[in-house]
Each structure stands twice: as C-alpha cells, then as structure tokens.
Amino acid sequence: MHLKNDLSKKLRTQFPVIQAPMFGVSTPEMAAAANNAGCLGSLALADLSAEKSLELIQKTKKLTNHDFAVNIFVHHIPEITEKLKSDFSETKMFLENFASENNIQVDLPDFEDIKLNSYHEQIDAVISEKCKILSFTFGNLDSESILKLKNNNVLLIGTCTSVEEAQELENSRIDVICVQGWEAGGHRGSFTSENIPEIGGFSLLAQVSDAVKVPLIYAGGIYSAQTLVAAKHLGASGFQIGSMFLASKESALQNFERRRLFEVKENEIIITKSFSGRFARGIKNQFTETLDSSKYILPYPYQNKLTGALRTAARTAKNADFVNLWLGQSVQNYSEDSTEDILKNFIRDCESL
C-alpha cells in the first residue's frame, strides 16, 4: 500500500503521517525526528505565552529544514466572578493539604498570580516566524484570525470530535480536519468542556467523511499498519500518531513515568478532568481517583494552572500518583528507539501490506 497522496503533497511531506502534538511529552527534537522520517512533526504550544512560543518555534527551526505543525489551544477563558475566586481558594487549600499528606511540599499560586494567555498572541508569533502549518484544538479560531492566517499562507488544521464540529470547521474554511476518536490519548479536542461527544473513532470518521469534503486526518488508536489501513478505508487521508512515541528517545517523559507506562493495563486508562479542568485520556492514579470524585475541579485553564506546580513537584519527587500521564486506549509495546526509527519501521510495515 502506497501512502503518498494529495494530503502529503499539501503538507509537503513524503508520507501523510503526523506526529501528534503532546504538550509535556513531545519536544522540538521529536518534531524534527518526525520530519526526518518524511512525516509531519508537530510542536505543541498549548496555551503558552507568545514569548515562550517564539522560543520553542525558533528552537525547532534550528533542528529541521522542513515545515512542522505548530499546535495551540483555542480555549474559552471563563469570566472572573467572586464564586470562581472562592472556588479557587478552596481548591488550592485542598490540593496543598492533599499533597502534604503524601509528602509533597508545594506552594500553589494565588488567584491573582495566575497569568492567562490568549491564543491571538501565539498566532502573531506563528506569523512572525513564517510558520506554514497551524493545528488547533478545543474549538475553532475566530474569523479574524482565520483571515489573518490565510493571508499569510498558513495551512489550518482544526480538530473535531463530532460531525457538527467538523461541519463548523469546514464552513469556516479550515483546510484540513483532524477527526479525534474517543480512543485517543490526551485532551479531548471538543469545542465544549462539558457534555463532550463520546463517539468511537471509526464510527465518527465514517460519519465525518460522509458529511464534509475537506481532507481528513484520523487520530485515535492507530498503533499498527492494520489500524492505519482501517482508517484509510473509512475516509482518512492522513494519520496522526501519538502514544507510539511516549517512550521514544525524544520524549520528555522521565524514567519513573516510562516505568509506569510499561506496566499499564487496559483497565487503568481513563477519562479525567482532575488535572486540567478539561477531559483527557490517561492513566488513573491516586490524584485522579481522589479529585474526580470531589468538588475540587475548576474550569480550564484555572485547574491546569493551579495543578501545574503540584505536578512539577511530583515529578521532582518521582511520584507517579500525582502526575498526568496521557495515553491512548490502544496499549502497545512502547519503543525506546528514536521517533525517526519508529516511524520508518511503521511506514515500512504499512507499505508492505
């Protein structure tokens, strides 16, 4: 089976395979390694500041001569209310006590110390650095941003978790749509943070393929040549892979996190809001079990900002029960080879079918 198609031409890659943006795991080195394999590398910027975004874009550009996708969160920022401030203080106190009871000493930020960044600043960074591919999740770009990016010849890749979201992206003139199945690891790319669609990947892909005309990338559960072929038959032109690289040479995971990854069982992979305030798929631990059954989950991005220092302290202490380890539903033999070699072997398997 030959992989090269119209989408790979549009992405200017040898193969229509995309290394998933996995904030906290993927690195500039991983994006460059994916490019070296003839695939599209992705740089995950989440909701970083414009300054930090510029720094990481420039670092990645020094590692590769090929285009890579810059990925951002286009999330809604909640209105500041007295209730939000009160809930924040209560959640902060609970988390500090919870951490202390488990021998993690950490001072979490006050509400006034939380700095929230707008994705509009990141868009300016993308344009100033002449990046040619922007992918995004948690919703749709506003019309002014879409026009600005298109006027600068930036290819836009939006994320959908339902047919309705896919149609909104197409109607907004988004160039390519990434269809994220329920099986996918990491944050759900849904436009809403509540009552998110829970549609199985292949069912969703088939429905979206019938509903829109733009090229589709499929993400969720691809871990073998056979799963890629299945996605191709259901309408995907591109294939986004993430969990396959979690233990790779370029992954940012520490050794204690890798050990937990190697031990994971399928029934330990869950959907949780505990770390960030938005639903994400990963490995359950003491933190998720305690928080998911509590009232101490703030809306994104406040929960994410509040738990950030706790997760950093837990990583320093090598405590896997207080860190997020995002993971897709397809448990596999996680390779510690380079991302480049993992992809080359994967593509060889696909093209041998």
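Notes on the sheet that holds strand E3 (residues 69–73)
With respect to topology, eight strands assemble into an open sheet ordered E1-E9-E8-E6-E5-E4-E3-E2, the strand pairing being parallel. Each of the sheet's edge strands pairs with one partner strand only, and the pair in question is strand E1 (17–19) and strand E2 (42–46). The average undirected angle you get between the axes of adjacent strands in this sheet is 25°. One ladder, built from three bridges, connects strand E4 (residues 133–137) with strand E5 (residues 155–160); its direction is parallel. Each bridged residue has a counterpart across the sheet, and for Ile-133 the counterpart in E5 is Leu-155. Against the sheet, helix H3 (residues 50–63) makes contact with E2 and E3, and its axis sits at roughly 170° relative to E2, the strand it touches most.

Details of the packing of aromatic side chains
Counted according to the given criterion, the structure contains 13 aromatic pairs. Centre to centre, the rings of Phe-98 and Phe-287 are 6.3 Å apart; their planes meet at 25°, and the pair counts as stacked. In this pair, Phe-98 is assigned in helix H4 (residues 82–101) and Phe-287 in helix H11 (residues 286–291), connecting sequence segments 189 residues apart. Each ring, one from Phe-287 and one from Phe-322, has its centre 5.9 Å from the other, and the planes form 65°; the classification is edge-to-face. Of this pair, Phe-287 sits in helix H11 while Phe-322 sits in the loop between helix H12 (302–316) and helix H13 (339–351), and the two are 35 residues apart along the sequence. Classification of Phe-287 by relative accessible area gives buried; the value is 0%. Pairwise contacts between aromatic rings join Phe-94, Phe-98, Phe-275, Phe-287, Tyr-296, Phe-322 and Trp-326 into one cluster. One residue, Arg-281, lies across the ring of Trp-182, its end atom 5.4 Å from the ring centre.

Considerations on the environment of Ser-26
Looking at where Ser-26 falls in the secondary structure, it is placed in the loop between E1 and helix H2 (28–36). On the basis of relative accessible area, Ser-26 is assigned to the buried category, the value being 12%. C-alpha separation for the pair Ser-26 and Leu-43, spaced 17 residues apart in sequence, amounts to 7.2 Å.

Quick notes on the sheet that holds strand E11 (residues 280–283)
Think of a sheet as strands paired side by side through backbone hydrogen bonds, with each pair either parallel or antiparallel. Sheet architecture is open: three strands sit in the order E7-E11-E10, paired in antiparallel fashion. A single partner strand is all that each edge strand has here, and the edge strands are strand E7 (186–187) and strand E10 (269–272).

Notes on H3
With 14 residues, H3 extends 20 Å between its outermost C-alpha atoms, agreeing within 8% with the 20 Å of an ideal straight helix rising 1.5 Å per residue. Of all the positions in H3, only Ala-50, Ser-53, Leu-56, Ile-57 and Thr-60 are classed as buried. Along H3, the residues classed as buried sweep out an arc of 130° about the axis, all on the same side. Residues of H3 that are exposed and point over 90 degrees away from its buried face: Glu-51 and Lys-62.

A word on the side chain of Gln-240
Relative to the assigned elements, Gln-240 resides in strand E9 (residues 238–241). In this structure Gln-240 touches Ile-18, Ala-20, Pro-21, Cys-178, Ile-217, Tyr-218, Ala-219, Gly-220 and Ile-222, once residues within four positions along its chain are discounted.

Reading guide: rules and limits
Residues numbered from 1 in each chain as written. Predicted model: local features only at pLDDT ≥ 70, side-chain atom pairs only at ≥ 80, totals over all residues. Heavy atoms only, no water. Pairing = 2+ DSSP bridges. Helix = DSSP H or I, 4+ residues; strand = E, 2+ residues; numbered from the N terminus. Axes fitted to C-alpha atoms, helices over the stretch in contact; angles between N-to-C directions. Contact = heavy atoms within 4.5 Å. Phe/Tyr/Trp six-rings, centres within 6.5 Å; stacked < 30°, edge-to-face > 60°. Buried < 20%, exposed > 50% of the residue type's maximum accessible area, 1.4 Å probe, protein only. Lys NZ or Arg CZ within 6 Å of the ring centre and 35° of its normal. Expected span 1.5 Å × (residues − 1). Arc of directions from axis to C-beta.

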